[in-house]
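Here's the letter readout for the chains.
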Amino acid sequence: MTSRFVELLGCLALGSLLGWQQASLFWLFGGMIAGAVVWLALDTWRFRLLLRWLREADWSQEPQLSAPWAWVVEKVRRLQKQWVGKARDSQTRLDEFLAAIQASPNGVLLLDSDGRIEWSNQTAEEHLGIHPERDLLQHITNLIRDPAFSSYLSKAEFQHEVAIAGQGATVSKPVVIAIRIHPYGKKRKLLLSRDITAVQQAEAMRRDFVANVSHEIRTPLTVLGGFVETLQTLSLSDADRAKYLDLMALQAQRMQTLVSDLLTLSKLEGSPAPNRQQCVKASDLIRSCIQEASGLSEVLPGPRHAFVVNAPVDVLLAGSRTELASALSNLLSNAVRYTPAGGTITVAVGVGRDGDVTISVSDTGAGIDPEHIPRLTERFYRVDRSRSRETGGTGLGLAIVKHVLQRHGGVVDIQSRLGHGSTFSLWFPADRVRALPQGQAGLAPPS
Ligand code: ADP
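Per-chain numbering applies: the sequence of each chain, read as written, is numbered from 1 onward. pLDDT decides what is reported in this predicted model: residues at 70 or higher carry local features, side-chain atom pairs at 80 or more are listed and counted, and totals for whole chains, interfaces and linings draw on all residues regardless. Excluded from the side-chain calculations are hydrogens and water; all other atoms, namely the structure's heavy atoms, are used.

1. Some details on helix α12 (residues 397–407)
Working note: α-helix, 3.6 residues per turn, so residues spaced by three or four point in the same direction. Exposure is judged per residue with a 1.4 Å probe applied to protein chains only, and the accessible area is read against the type maximum: over 50% gives exposed, under 20% gives buried, and values in between give partly exposed. Runs of H or I in DSSP of at least four residues are treated as helices and runs of E of at least two as strands, each being numbered from the N terminus. Among the 11 residues that make up α12, nine are buried, leaving the element largely enclosed by the rest of the structure. Within the span of α12, buried status applies to Gly397, Leu398, Ala399, Ile400, Val401, His403, Val404, Leu405 and Arg407. Note on contacts: a residue pair qualifies if any of its non-hydrogen atoms lie within 4.5 Å across the two residues. Tucked inside the fold, the buried residues of α12 contact α8 (238–270), α10 (321–337), β11 (411–416) and β12 (422–428). Trailing α12 by a residue or two, glycine 409 shows a phi angle of about 70°, which is positive.

2. Structural notes on the domain arrangement of the chain
How big an interface is tends to be reported as the loss of accessible area on association of its parts. A domain assignment, automatic or from a database, supplies the domain bounds used here. On domain assignment, one finds that the chain holds domain 1 (2–55 + 62–94), domain 2 (104–195), domain 3 (204–270) and domain 4 (279–435). The interface of domain 3 with domain 4 comprises 14 residues on the first partner and 15 residues on the second. The three residues of domain 3 that bury the most area against domain 4 are Glu216, Leu265 and Leu268, which together make up 42% of that side's buried surface. Every element with two or more residues in the side of domain 3 that touches domain 4 is listed here: α7 (197–233) and α8. Considering every element that reaches the side of domain 3 that touches domain 4, the biggest residue donor is α8, with nine residues. Only Asp, Glu, Lys and Arg are considered charged, only Ala, Val, Leu, Ile, Met, Phe, Trp, Tyr, Cys and Pro nonpolar, and every remaining residue, Gly among them, polar. Here the residues of the side of domain 3 that touches domain 4 are counted per class, giving six nonpolar, four polar and four charged. The term buried area refers to how much accessible surface (probe radius 1.4 Å) is lost by two components on association, counted for both of them together.

3. With respect to the nonpolar core
Counting 45 residues, the largest nonpolar core has Leu317, Leu328, Leu332, Ile359 and Leu426 as its most contacted members. Those elements that place two or more of their residues in this core are α8, α9 (282–299), α10, β9 (344–351), β10 (357–363), α12 and β12. A per-element tally of this core places α10 first, with seven residues. Composition of this core by domain shows at least three residues from each of domain 3 (204–270) and domain 4 (279–435). Ignoring anything within four residues of it in the chain, the contact list for leucine 426 reads Ala327, Leu328, Leu331, Val357, Thr358, Ile359, Val401, Leu405 and Val411. Take the buried residues of types Ala, Val, Leu, Ile, Met, Phe, Trp, Tyr and Cys, join any two whose side-chain atoms come within 4.5 Å, and each joined set is a nonpolar core.

4. Regarding the packing of aromatic side chains
Pairing of aromatic side chains requires ring centres within 6.5 Å, counting the rings of Phe and Tyr and the six-membered ring of Trp. Pairs whose planes differ by under 30 degrees are stacked, by over 60 edge-to-face, and all others tilted. Enumeration over the complete set of coordinates arrives at six aromatic pairs. Relative to tryptophan 27, the ring of phenylalanine 26 has its centre 5.6 Å away and its plane inclined at 80°; by these criteria the two rings are edge-to-face. According to the relative accessible area criterion, tryptophan 27 is partly exposed, its value standing at 46%. Arranged with centres 5.9 Å apart and planes meeting at 40°, the rings of phenylalanine 209 and phenylalanine 380 form a pair that is tilted. Here phenylalanine 209 is found in helix α7, whereas its partner phenylalanine 380 is found in the loop between β10 and α11 (385–390), with 171 residues between them in sequence. Here phenylalanine 380 falls in the buried class, since its relative accessible area comes to 3%. A connected cluster of aromatic rings, assembled from ring pairs, spans Phe149, Tyr152 and Phe158. Geometrically, a lysine NZ or arginine CZ counts as sitting over a ring once it is within 6 Å of the ring centre and also within 35 degrees of the ring normal. Sitting above the plane of the tyrosine 244 ring, lysine 243 keeps its charged end 5.8 Å from the centroid.

5. Here's the deal with the site of the ligand
Consider each residue's heavy atoms; a residue with any of them within 4 Å of a molecule or strand counts as near. Of all residues adjacent to the ligand, which total 20 residues, the nearest are Asn334, Arg337, Tyr338, Ser388 and Thr394. Pairs of N or O atoms are called polar contacts if they sit within 3.5 Å, as long as, within protein, a hydrogen donor faces a hydrogen acceptor (for residues adjacent in sequence, only side-chain-to-side-chain pairs). At 2.8 Å from an oxygen atom of the ligand is found a main-chain nitrogen or oxygen belonging to glycine 395. Glycine 397 places a main-chain nitrogen or oxygen 3.3 Å from an oxygen atom of the ligand. What sets the accessible areas is the Shrake-Rupley method with a 1.4 Å probe; for residues, cover comes only from the shown protein chains. Against a free-state accessible area of 530 Å², the protein chains account for coverage of 96% of the ligand. Listing elements by their share of the shell around the ligand, those giving two or more residues are α10, α12 and β12. Examining the composition of the shell around the ligand, we find that three residues originate from one element, α10, more than from any other.

6. Points about the side chain of histidine 408
Tracing the chain through its elements places histidine 408 in the loop between α12 and β11. Beyond its immediate sequence surroundings of up to four residues, histidine 408 is in contact with Pro274, Ala318, Gly319, Ser320, Glu323, Leu324, Phe428, Pro429 and Arg432.

7. A look at the pattern of salt bridges
Salt bridge, as used here: a side-chain nitrogen of Lys or Arg that lies within 4 Å of a carboxyl oxygen of Asp or Glu. For the structure on display, the rule yields 19 salt bridges. In this structure, a network of salt bridges that share partners links the residues Glu7, Asp43 and Arg46.

8. Details of helix α6 (residues 147–155)
Taken residue by residue, α6 has Phe149, Tyr152 and Leu153 as its buried positions. End-on view of α6: buried residues confined to an arc of 95°, all on one side of the axis. Exposed residues pointing more than 90 degrees away from the buried face of α6 are listed as Pro147, Ser154 and Lys155. Between a side-chain oxygen at the N-terminus of α6 and the backbone nitrogen of alanine 148 the separation is 3.0 Å; the capping residue is aspartate 146. Phi turns positive one or two residues past the end of α6, at alanine 156, with a value near 55°. Working note: the arc is built from the helix axis to C-beta atom directions.

9. Here's the deal with the sheet that holds β12
For two strands to count as paired, DSSP must find a minimum of two bridges between them. Here we have five strands laid out as an open sheet, ordered β7-β9-β10-β12-β11, and mixed in their pairing. Either end of the sheet is taken by a strand with one partner, and the two such strands are β7 (306–310) and β11. Strand-to-strand, the axes of this sheet are offset by a mean angle of 15°, without reference to chain direction. Only the stretch in contact is used when fitting a helix axis, every axis being a line fitted to C-alpha atoms; angles between N-to-C directions are given from 0 to 180 degrees. Relative to the sheet, α9 contacts β7, β9 and β10, its axis offset from that of β7 by approximately 170°. Packing of α12 onto the sheet brings it into contact with β11 and β12, and relative to β12 it is tilted by some 25°.

10. Side note on the sheet that holds strand β13 (residues 433–434)
One open sheet accounts for three strands, arranged β6-β8-β13; its pairing is antiparallel. Edge positions in the sheet fall to β6 (279–281) and β13, since each has one partner strand and no second. Inspection of the sheet shows β6 paired to strand β8 (residues 316–318) by three bridges, in the antiparallel sense. Note that in β8 the partner of cysteine 279 across the bridge is alanine 318.

11. Observations regarding the environment of leucine 296
Along the chain, leucine 296 turns up in helix α9. For the pair leucine 296 and glutamate 378, spaced 82 residues apart in sequence, the C-alpha to C-alpha distance is 24 Å. Apart from residues no more than four positions distant in its own chain, leucine 296 is found in contact with Ser333, Val336 and Arg337.

Have a look at this one:
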């Protein structure tokens, strides 16, 4: 400010000095006014330079001005630097925010007040086929044509979500997407989508499971109820009464087996993975399961089944003895129940090149039609319903076997041909197999 004042004083002094040389008061004042005008013109020119710089916003070239305009230039420059810094920060934050929304498992779409797409993420493309760039500013109803969504949008019932068929859905492979709209700002809308296919499938499975369990329990209960009524209303001979009581005991036993299988399944689903430090000798496992199966074979009508063990090697399997015994005894009990009396059941142990181990149970039964094989491990899936029931089956045996194997890092393999028997194999990866200490023999032939 001082320099500007000094500059003004200088112009006035120079003007008055020039006027004073004319030796007249008029010229003295005239010179002073001329000096002031020159100073004003100079100052206005500098101001214009400053204005032009600000207007053109060419921050790389600042005008060379004296104070106080130089001070204004410096101040503007500093402010501009601050703004650039702030804008960069905001951009970084916006980029991070958008990257976070991109990473969201939910589809996100921003709609303007007319329902046109302003922004969408990658997941929205996967769920609804809406492309983040190509479909920008498209009206949402042009892209989601499901009548349920159109009605949801027009009725503006945004307090709940609407389910529609998702991108790539087919009859055999349904994809269900739930959409919910959240209005915000001035008539703008946030549209969120999520894939509920798995949830719906789990819900359908739960419903089927409850229906199946109810059905399985209702059948023996109805039979039991009938017998109780007969015993209450009819006067029966001791022999008949004993016969009815035996049949009632059979139904009760059936329900007990079903409940026990259900409990086994729920335990398998809910308990932590089996301890890898614990080991079971394959030969012990096979011996005890064959003993159990031959007991079952004895109570079935007709001649007993023959059991053959083909195990050139013996190994230790890491895992739960109870679970592994349950898996193998389910396979052996199936082999007995689905192989005609007098048939042969072979248990074989094989070690693969990688050190993996397979324990297989083969029978000489009727075999299974290939179309049923992929579904055999589903709960309550049976090929021959009446044979399963007659022999005390619950339809849960192979589901238990599959679960046990999964918990031990293994898989169940089923090979069968109609009329040529079946082979059910339990495969264990090498990391589940331990070598037997030296001197421990293999399997003894079954008694
Ligand atoms: P279930 O208690 O009915 O035997 P599983 O889950 O053990 O139930 O078996 C499912 C179905 O697979 C059985 O109902 C039967 O139809 C078929 N199955 C299982 N094992 C054999 C086998 N060894 N031979 C022929 N069919 C079998």
